[in-house]
Amino acid sequence: MAPIRRPRGDAGGPLSARPRDAPGRSSPARLWLAGALGLCATVAFTGCGGGGCGAGERALAEVEVAGCTSFRRAPDAICLTLPETVLTLAVRAEVSATVTVAPSGEELAASAGGWRRFRVGPDLDASRLTVEVDDGDGRSAWSLALGRFEEAPAVAEAQRARAAREFDRALTLVETALRSPSLDGRAKARLVGLRARVRIAQGAMAAAEAELREALHLDREHGLVSDATRDSMALAWVLIDGLKLDDAAEVLTDLERFAHGYDEAPAQIAFNRASLHRRAGRQRDALRALDDAEVIAVRLGLDTLHAQVQQSTANVLQEVGRFEESSAILQGLVDLSGADGDPCARATLLTNLGWARLAVVEAGGEATTLPVLREALKLWRSECASPPEVGNALVNLSLAHLQGGRVREAREHLREATAAGAADSAVIEAWRLDLDGRIALAEGRTDAAASAFEGLAELAREAGVADAALRATLGTAEVLAAQGRNEEALAAWVEADRRLDEALRAVPLGEGLGNFLASATRGPRHHVDLLMTLERPAEALEVARRARTREVTVLRRLRALSALGPEARVRWEAAVATWRTERQALDAAAQEDWKLAADRRAAAAQARVERERKLRQVLDDALAIVAPESSGELGPAAAAGELTLAAHPGVRGLWLFGATEGAVRGVHLDALPRAPDAMSAALLEPFRAELARATTLRILPYGALREVDFHALPWDGRPLGASRPLAYAVDLPHLPGAPASDAPAALVVADPARNLAGALAEVDAVRALLRGDATAPTVMDAASATLAAVQERLPHVGLFHFAGHGWFGGLGGWESALGLASGQRLTVGDILALPRVPATVVLSGCETGRSDRGGPGATLGLGEAFVISGAEAVIAATRPVDDALAAAVSVALYADGRAALARDPAAALQRAQATVRAALPDADWASFRLIVP
């Protein structure tokens, strides 16, 4: 009988066979405002109504309901409906259970997590909504009182006036109604909330804030839970927009307490917390909050909120340069919108999708843009007529044609955009100048191109369009290179790198990071090409090395923000508010100055110089709150006896560099082959002479090459890794602070999920092999390997061996984790927050050595997190790994003792993989890698 394969992953029952893993855009505020500032919204409530669960019931069923026109709790909970109201119920029940809903409803498609969904209504004339669940072992029940919603006539009339944008009339109606002696408290609360929304529409934010606070007081006094939720959301938006971040957080916390048990509130709170996190520069926390909101919205069928969450998620992803992920979300929203839906909403989505795809191509990727942009233009010209948007759409189409090499079409669309008034904003004018220069350059008119980029640089100074300065420098460098002024071109690309690095410093503060990252690879591609043309491969390699580390630098800084303690977070958010206030005032002044005559515009720009200097100081003070940065200095490309293989794209194709001590060579590949033999010929054969002399190999992969197992490529009749030790380098300066721990103590974590037989056997073997050390290893298992215990112990050991479940996931790998006791996880963030980490780490679980495949350069995974935090060597698996294989590799690693592993981990892994290949020839031994600094 064949051996049972035990991959390490999804945590099921004890000792089961499992793997050790588990399976220019439009305003982002538009959709959000539609829900937050409206007077009526969907509501939900869980638990029994005021009358209890019913006599004789054994338990309370877990039920959530959405769709009430209004929900109140004064003194008993009641869902108020209109004749057309349709309720959605989510009931936690197994598929085999019998669920009875009264009034009777239609069962919908099941939601995730063991929930079943039902639709009830319209024409609900019952006094109570009830649910009974019979799972065969017993019954449970739930009920909620129902009633008819009746709007006060005065409120309804004022609402109609506001909807018609007759704001003065709406205010008059509200004031008249509020003076009525017969007005009840509930109607007064709704009128005050309505008045606040009119104030927002009129731009009177201070008055709106005061009136929303008054409305909230009345909501709570009269038990108006749904109204309190809506008013809290509107107030939070006003406060976030005004950068009163602490006040906004307090409003959301107060709502959590008041609306406890009201199931739409958590989704709305999470959605607004995401907005708060974004304004505070914590994009990672924003994505987590949006994920929480989406789960609830999907479960309760809150389609409008779900669309808002997805749109916001797409915007956050664009902010951090994750254009492909953003495109996928936006494409889903476009598909849902349908050709028969709101034409303006669809045009906005198409514009945002088109920009995301343009950014993918701008960053060196591939995407289809023209059909999306053409449909957007058609809608802006017809059903949703908007001349400014027509100009924007034409500029986007010009860029799409230029990216595709269709220079004549690009020029025609740019002329049409100018005629359509595309230059009505400084941002669009910046893109127009950029395209004018790039098109002229493609046409061979270098003097005209230089003039356009000079104008772009001037606009960047005078109108404060931050990323325009970078694009002007990039364009100027390309012009200089085209004119044969090579040294000046190289100096311009160095300046572009400086501008990009300066912009990335402000990642936690600055919006529009995505625009910088869209251009981030453009300069290095041209820069590397020119240096290779000039036969200066060592300099080209240095440019490539710095370019490939930028993305992980961004992710690391964003992660450091979310790890701040409470006191530091308060100081950080205060600094962010100060920076944003000053930045907004400066940008507003610059936008106004841009409309002035040329001579006055230059004078105004000069007058802003001192304000810019002070703003940079505010930025420096804010960033000082975050953990200090590394020096930014990279080490030598290769040590004595070492061959470093590094890759970086050119304008076309791929450059592959081979570096030895004191020498660098580069070769160009038009495309990357797929077959192992062809890949070996393309990647290794050009460096045969260097390989013959090298005693070790160091790999710096880029993009798709991160998935290539260099150590398994065929070389002279056997795997490359069999002939010499090999390591994959992060190639990033360490964070400052304490060095890795080389203490004699070892920590071994043994299958905390209790379902991997191979992991338990592995730990027994490893413990026996480590017994000869001066200090016996500490072994933690399902009873002791809690997150707190592992975090407390890791800084004090020199070796960490983990045998259990691993997961890769989250933006840039942030949510990658090791499974610990009681379902807890040690995440990338937890690792980065440790004061010290062990010098040697063995992660015997699925995907523990995987990094993000979506970005171009170095990215974060569990292995990289340990290395960035100071570990000298991490051995981990890049994909799902068989339980028996993981155990075999781990045991073989320690065959020559812990000292041999610590002294030369590359050689130890090489020997272990050779042992496994001989014993298990069909096993995926190549899934394990050594990751080093």
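What you see is a predicted model, and the numbers here were worked out from it, not measured in a lab. (Residues numbered from 1 in each chain as written. Predicted model: local features only at pLDDT ≥ 70, side-chain atom pairs only at ≥ 80, totals over all residues. Heavy atoms only, no water.)

1. Looking at the overall build of the protein chain
Phase 1 of the analysis: When its secondary structure is counted, the protein chain shows 36 helices and 25 strands.
Phase 2 of the analysis: By the burial criterion, 56% of the 933 residues in the protein chain qualify as buried.
Phase 3 of the analysis: When the accessible surface of the protein chain is split by element, carbon and sulfur atoms take 52% of a total near 36800 Å². (Helix = DSSP H or I, 4+ residues; strand = E, 2+ residues; numbered from the N terminus. Buried < 20%, exposed > 50% of the residue type's maximum accessible area, 1.4 Å probe, protein only. Areas by Shrake-Rupley, 256 points an atom, 1.4 Å probe, with all protein chains shown as cover.)

2. Focus: the sheet that holds strand S7 (residues 115-120)
Phase 1 of the analysis: The strand order across the open sheet formed by four strands is S1-S4-S7-S6, and the pairing between neighbours is antiparallel. Strands at the two margins of the open sheet, each flanked by one partner only, are strand S1 (63-66) and strand S6 (106-107).
Phase 2 of the analysis: Where S6 meets S7, two bridges bridge the pair, whose relative direction is antiparallel. What sits directly across from Glu-106, in S7, is Arg-119. (Pairing = 2+ DSSP bridges.)

3. A look at the sheet that holds strand S24 (residues 873-877)
Phase 1 of the analysis: Across the sheet, which stays open at both edges, the 11 strands sit in the order S12-S11-S10-S13-S16-S25-S24-S23-S19-S17-S18 with mixed pairing between neighbours. At either margin of the open sheet sits one strand with a lone partner, and together these are strand S12 (663-669) and strand S18 (778-780). On average, each strand axis in the sheet is inclined to that of its neighbour by 20 degrees, with strand direction left out of account. (Axes fitted to C-alpha atoms, helices over the stretch in contact; angles between N-to-C directions.)

4. Let's talk about unusual backbone geometry
Phase 1 of the analysis: Look at the link from Ala-102 to Pro-103: it is a cis peptide, with omega at -5 degrees.
Phase 2 of the analysis: Relative to the elements of secondary structure, Pro-103 occurs in the loop between strand S5 (98-102) and S6.
Phase 3 of the analysis: Cis geometry marks the peptide bond from Gly-121 to Pro-122; its omega dihedral reads 5 degrees.
Phase 4 of the analysis: Residue Asp-123 is not a glycine yet carries a positive backbone phi of 55 degrees.
Phase 5 of the analysis: Note on placement: Asp-123 falls in the loop between S7 and strand S8 (128-134).

5. Considerations on the pattern of salt bridges
Phase 1 of the analysis: Using the criterion set out here, one finds 51 salt bridges in the structure.
Phase 2 of the analysis: Arg-688 serves as the salt-bridge partner of Glu-685, at 2.7 Å between the closest nitrogen and oxygen.
Phase 3 of the analysis: According to the relative accessible area criterion, Glu-685 is partly exposed, its value standing at 36%.
Phase 4 of the analysis: Owing to a relative accessible area of 33%, Arg-688 belongs among the partly exposed residues under this scheme.
Phase 5 of the analysis: One continuous salt-bridge network, built from bridges that share partners, spans Glu-175, Arg-195, Arg-199, Glu-211 and Glu-214. (Salt bridge = Lys/Arg side-chain N within 4 Å of Asp/Glu carboxyl O.)

6. Some words on the packing of helix H4 (residues 185-201) against helix H5 (residues 205-221)
Phase 1 of the analysis: The contact between H4 and H5 brings their axes to 8 Å, and the two run at 160 degrees. Classified by the angle their axes make, H4 and H5 are roughly antiparallel. Crossing of H4 over H5 shows left-handed handedness. For the pair formed by H4 and H5, the contact residues are Lys-188, Ala-189, Val-192, Gly-193, Arg-195, Ala-196, Arg-197, Arg-199 and Ile-200 on the first element and Met-205, Ala-207, Ala-208, Glu-211, Leu-212, Glu-214, Ala-215, Leu-218 and Asp-219 on the second.
Phase 2 of the analysis: Across the contact of H4 with H5, the residue classes break down as 10 nonpolar, one polar and seven charged. (Parallel < 35°, antiparallel > 145°, perpendicular 65-115°, else oblique. Left-handed = near helix turned anticlockwise from the far one by under 90°. Contact = heavy atoms within 4.5 Å. Nonpolar A, V, L, I, M, F, W, Y, C, P; charged D, E, K, R; others polar.)

7. Describing the packing of aromatic side chains
Phase 1 of the analysis: Using the criterion set out here, one finds four aromatic pairs in the structure.
Phase 2 of the analysis: Relative to Trp-431, the ring of Trp-355 lies with its centre 5.5 Å away and its plane at 75 degrees, an arrangement referred to as edge-to-face. In this pair, Trp-355 is assigned in helix H12 (residues 343-362) and Trp-431 in helix H16 (residues 426-442), connecting sequence segments 76 residues apart.
Phase 3 of the analysis: Consider the rings of Phe-800 and Phe-802, whose centres lie 6.5 Å apart with planes at 50 degrees: the pair is tilted. The exposure classification of Phe-800 matches that of Phe-802, with both residues buried.
Phase 4 of the analysis: Site record: aromatic cluster; members linked through ring pairs are Phe-800, Phe-802 and Phe-866.
Phase 5 of the analysis: A cation over an aromatic ring shows up here: Arg-299 above the ring of Trp-115, its NZ or CZ 4.6 Å from the ring centre. (Phe/Tyr/Trp six-rings, centres within 6.5 Å; stacked < 30°, edge-to-face > 60°. Lys NZ or Arg CZ within 6 Å of the ring centre and 35° of its normal.)

8. A word on the environment of Ser-140
Phase 1 of the analysis: Relative to the assigned elements, Ser-140 resides in strand S9 (residues 139-148).
Phase 2 of the analysis: Through-space distance from the C-alpha of Ser-140 to that of Leu-60 is 5.3 Å; in sequence the pair is 80 residues apart.

9. A few points about the nonpolar core
Phase 1 of the analysis: In this structure, Val-528, Phe-657, Leu-893, Tyr-894, Phe-928 and Leu-930 are the most contacted members of the largest nonpolar core, which totals 64 residues.
Phase 2 of the analysis: With seven residues, helix H19 (residues 486-505) is the single largest residue contributor to this core.
Phase 3 of the analysis: With 50 residues, the next largest nonpolar core counts Phe-71, Leu-235, Ala-248 and Leu-255 among its residues. (Core = buried A, V, L, I, M, F, W, Y, C linked by side-chain atoms within 4.5 Å.)

10. Re the packing of helix H13 (residues 370-381) against helix H14 (residues 387-403)
Phase 1 of the analysis: Between H13 and H14, the shortest axis-to-axis distance is 9 Å and the interhelical angle comes to 160 degrees. When the axes of H13 and H14 are compared, the pair comes out roughly antiparallel. Like other packed secondary-structure pairs, H13 and H14 cross with a definite hand, here left-handed. Residues Leu-370, Leu-373, Arg-374, Leu-377, Trp-380 and Arg-381 of H13 touch H14, and the partners they reach there are Glu-389, Val-390, Ala-393, Leu-394, Asn-396, Leu-397, Ala-400 and His-401.
Phase 2 of the analysis: Residue classes in the contact of H13 with H14 are distributed as nine nonpolar, two polar and three charged.

11. A word on helix H8 (residues 264-279)
For the α-helix, the turn length of 3.6 residues means that residues three or four positions removed from each other point alike.
Phase 1 of the analysis: The terminal C-alpha atoms of H8 lie 23 Å apart, and with 16 residues this matches the ideal 22 Å at 1.5 Å per residue to within 8%.
Phase 2 of the analysis: With 14 of 16 residues buried, H8 lies mostly within the body of the structure. (Expected span 1.5 Å × (residues − 1).)

12. Considering the state of the cysteines
Phase 1 of the analysis: Throughout the structure, instances matching the rule amount to two disulfides.
Phase 2 of the analysis: With a sulfur-sulfur separation of 2.0 Å, Cys-68 is cross-linked through a disulfide to Cys-79. Disulfide Cys-68 to Cys-79: torsion about the S-S bond roughly -115 degrees, handedness left-handed. Of this pair, Cys-68 sits in the loop between S1 and strand S2 (70-73) while Cys-79 is found in strand S3 (residues 77-81), placing the two residues 11 residues apart along the sequence.
Phase 3 of the analysis: For Cys-79, a relative accessible area of 0% gives the class buried. (Disulfide = S-S within 2.5 Å.)

13. Some remarks on the pairing of strand S19 (residues 799-803)
Phase 1 of the analysis: Most of S19 is tucked away: five of the five residues are buried.
Phase 2 of the analysis: Of the two faces of S19, the one carrying Leu-799, His-801 and Ala-803 and the one carrying Phe-800 and Phe-802 are both buried.
Phase 3 of the analysis: Bridging between strand S17 (residues 746-750) and S19 involves five bridges; their strand directions are parallel. If you follow Leu-747 over to S19, its bridge partner there is Phe-800.
Phase 4 of the analysis: Here five bridges tie S19 to strand S23 (residues 840-844), and the two strands are oriented parallel to one another. Its bridge partner lying in S23, Phe-800 is registered against Val-841.

14. Some points on helix H11 (residues 323-337)
Phase 1 of the analysis: Between its terminal C-alpha atoms H11 stretches 21 Å, which fits the 21 Å expected from 15 residues at 1.5 Å a residue.
Phase 2 of the analysis: Buried within H11 we find Phe-323, Ser-326, Ser-327, Leu-330, Leu-333 and Val-334. Buried residues along H11 cover an arc of 125 degrees about the axis, so they all sit on one side. Relative to its buried face, H11 has exposed residues pointing more than 90 degrees away, namely Glu-324, Ala-328, Asp-335 and Leu-336.
Phase 3 of the analysis: Backbone geometry just after H11 places Gly-338 at a positive phi near 70 degrees. (Arc of directions from axis to C-beta.)

Shape descriptors only; they carry no functional weight alone.
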